[in-house]
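Letter by letter, the chains look like this.
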Amino acid sequence: MSQAGENASPVASVQKPPVVEFRHVGKTFDPGTPRQCVALEELDFSIEDTPGRGEFIAIVGPSGCGKSTMLNLLAGFKEVYPPSCGEILVHGRPICGPGIDRGMIFQKYSSFPQMTVLRNVCFGLEINRRKLGTDQKEIVSQARQWIERVGLGGHENKYPHQLSGGQQQRVAIARSLILKPQIILMDEPFSALDEPTRLEMQKLLVDLWQEIAATVFIVTHSLVEAVYFGDRVWVFRRNPGSIQKEFRDIPPAVPGMAPLEVQRSPQFLAMVERVAAEFRTTLDHQQVCA
Ligand code: ADP
C-alpha cells in the first residue's frame, strides 16, 4: 500500500457527489424557427452536499433571463426538459424527469381546489405509497403533523378557496415538504402575498428549513428576500440567460429571529445594495426573446 493509501482516512476517501450539478447546460426554445430563443447558455455550477444543513441559493435577475427555465429543467418538467445541451445531475446521477427528491412550490397556489387541506397534504404520499411503503394511517398522521407545523391546525377540513393567500401557500409548503425532498425549488413563492404575510412566510420557511436541511433554490423579485434567504445569491443576466455574479459572503438567516429585525441591520442593507448594484448592470442587456 502506498504512503498516501496508508494515511488516507476512510471518511475522506468517500467523496460525496454534489447535490446538484449543471454541466454546460443550455436551453433553446423553438430552435430553427423565427421564434428561436436562447433562454439559457453555459450554465455550469455545482452545489456541494452539506449533510444536516443544506444550502439556500437565491436567484434574482431581470424578467426573461431564464430563472424559471433553470428551475423547471432541474424539476425535470416535460414542458422544458431536457436541456438543449449539457447535463443535469442530482447526487451524481443524470436526471431523466421529475422525482420525489425534488419538490416545487410555485407563486400560484398549487393545491387541488376540490380537495380539503388534509387530502391535499396527504396526496403526495398517497400516490407514492407503494414506493415509500407508508400505510394510510401513517400518511394521515404525517399530514396532520405537517399541517400543524405550517400553522394550519384546525383548518384540515377546509377547501383551498376557504383560505387566505398566505394559508394556501402554507398548504403548498406542507404538500411539498411532507415528501422530505432533498431539493426544494421555489418560483416566486411569496410574491402574490401582502408584506406582513410575506414576512410571516419568510420566517416559517427559515424555521422549517433548519429541520429539513434541504438544498433550496428560490427565485424571487425581491432583493431583500434574496439576501435574507440566500447562502448564495445569483444575479442572472439575459440574452442569453446565465449567472452573471455569485455573492457568497452573506450572513445566514437566523431561525426564530423576526425577518424585519434582520433586514433592517446596516450590514444586511449594505449587502442588498451590493446585489442591487450588480442587478442594475444586467438591465443593459435588452430582452430579445418574446
Ligand atoms: P424568467 O423566469 O427569468 O423571467 P423564463 O425562464 O421564464 O425567464 O424565460 C426565459 C426566456 O425563455 C424568455 O424569453 C421566455 O419567453 C422564453 N421561454 C420560456 N419558456 C418558454 C417556452 N415554453 N417556449 C418558448 N419560449 C419560452
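For the structure itself, look to the data block above.
Residues numbered from 1 in each chain as written. Predicted model: local features only at pLDDT ≥ 70, side-chain atom pairs only at ≥ 80, totals over all residues. Heavy atoms only, no water.

Novice: Any chance you could explain the sheet that holds strand 6 (residues 102–105) here in plain terms?
Specialist: What holds strands together in a sheet is hydrogen bonding between their backbones, with the strands either parallel or antiparallel. Strand order across the open sheet formed by six strands is 6-7-8-3-9-10, with mixed pairing between neighbours. If you trace the sheet from one side to the other, it starts and ends with strand 6 and strand 10 (242–247), each paired once. Across this sheet, the average inter-strand angle for adjacent strands is 20°, counted without regard to direction. Examined bridge by bridge, strand 3 (residues 56–60) and strand 9 (residues 232–237) share four bridges and lie parallel to one another. Note on strand 9: the bridge partner recorded for Ala58 is Val233. Lying on the sheet, helix 7 (residues 165–177) is in contact with strand 6 and strand 7 (183–187); it crosses strand 6 at an angle near 175°. (Pairing = 2+ DSSP bridges. Helix = DSSP H or I, 4+ residues; strand = E, 2+ residues; numbered from the N terminus. Axes fitted to C-alpha atoms, helices over the stretch in contact; angles between N-to-C directions. Contact = heavy atoms within 4.5 Å.)

Novice: Just checking my understanding: could you explain helix 4 (residues 117–127) for this structure?
Specialist: Spacing of three or four residues puts side chains on the same side of an α-helix, whose turn is 3.6 residues. When we look at burial in helix 4, the residues that qualify are Val117, Leu118, Asn120, Val121, Cys122, Gly124 and Leu125. If you follow the buried residues of helix 4, they end up packed against helix 5 (129–132), helix 6 (136–149) and helix 7. (Buried < 20%, exposed > 50% of the residue type's maximum accessible area, 1.4 Å probe, protein only.)

Novice: Sorry if this is basic, but what is going on with the environment of Arg23 here?
Specialist: Mapped onto the fold, Arg23 is located in strand 1 (residues 20–29). The exposure class of Arg23 is partly exposed, given its relative accessible area of 34%. In sequence terms Arg23 and Gln107 are 84 residues apart; their C-alpha atoms lie 28 Å from each other. Polar contacts involving the side chain of Arg23 include one to the side chain of Glu21, which spans 3.2 Å. (Polar contact = N/O pair within 3.5 Å; in protein donor to acceptor, adjacent residues only side chain to side chain.)

Novice: Looking at this structure, how should I read the nonpolar core?
Specialist: Among the nonpolar cores identified, the biggest contains 52 residues, and Val121, Ile173 and Val275 are the most heavily contacted of them. Counting only domains with at least three residues in this core, you end up with domain 1 (50–83 + 92–101 + 181–290) and domain 2 (112–180). Ignoring any residue separated from it by four or fewer positions in sequence, one finds Val275 in contact with Val60, Leu223, Val227, Val233, Val235 and Phe247. Counting residues in hydrophobic clusters, the runner-up holds 28 residues, among them Ile57, Ile95, Ile183 and Val219. (Core = buried A, V, L, I, M, F, W, Y, C linked by side-chain atoms within 4.5 Å. Domains from an automatic or database assignment.)

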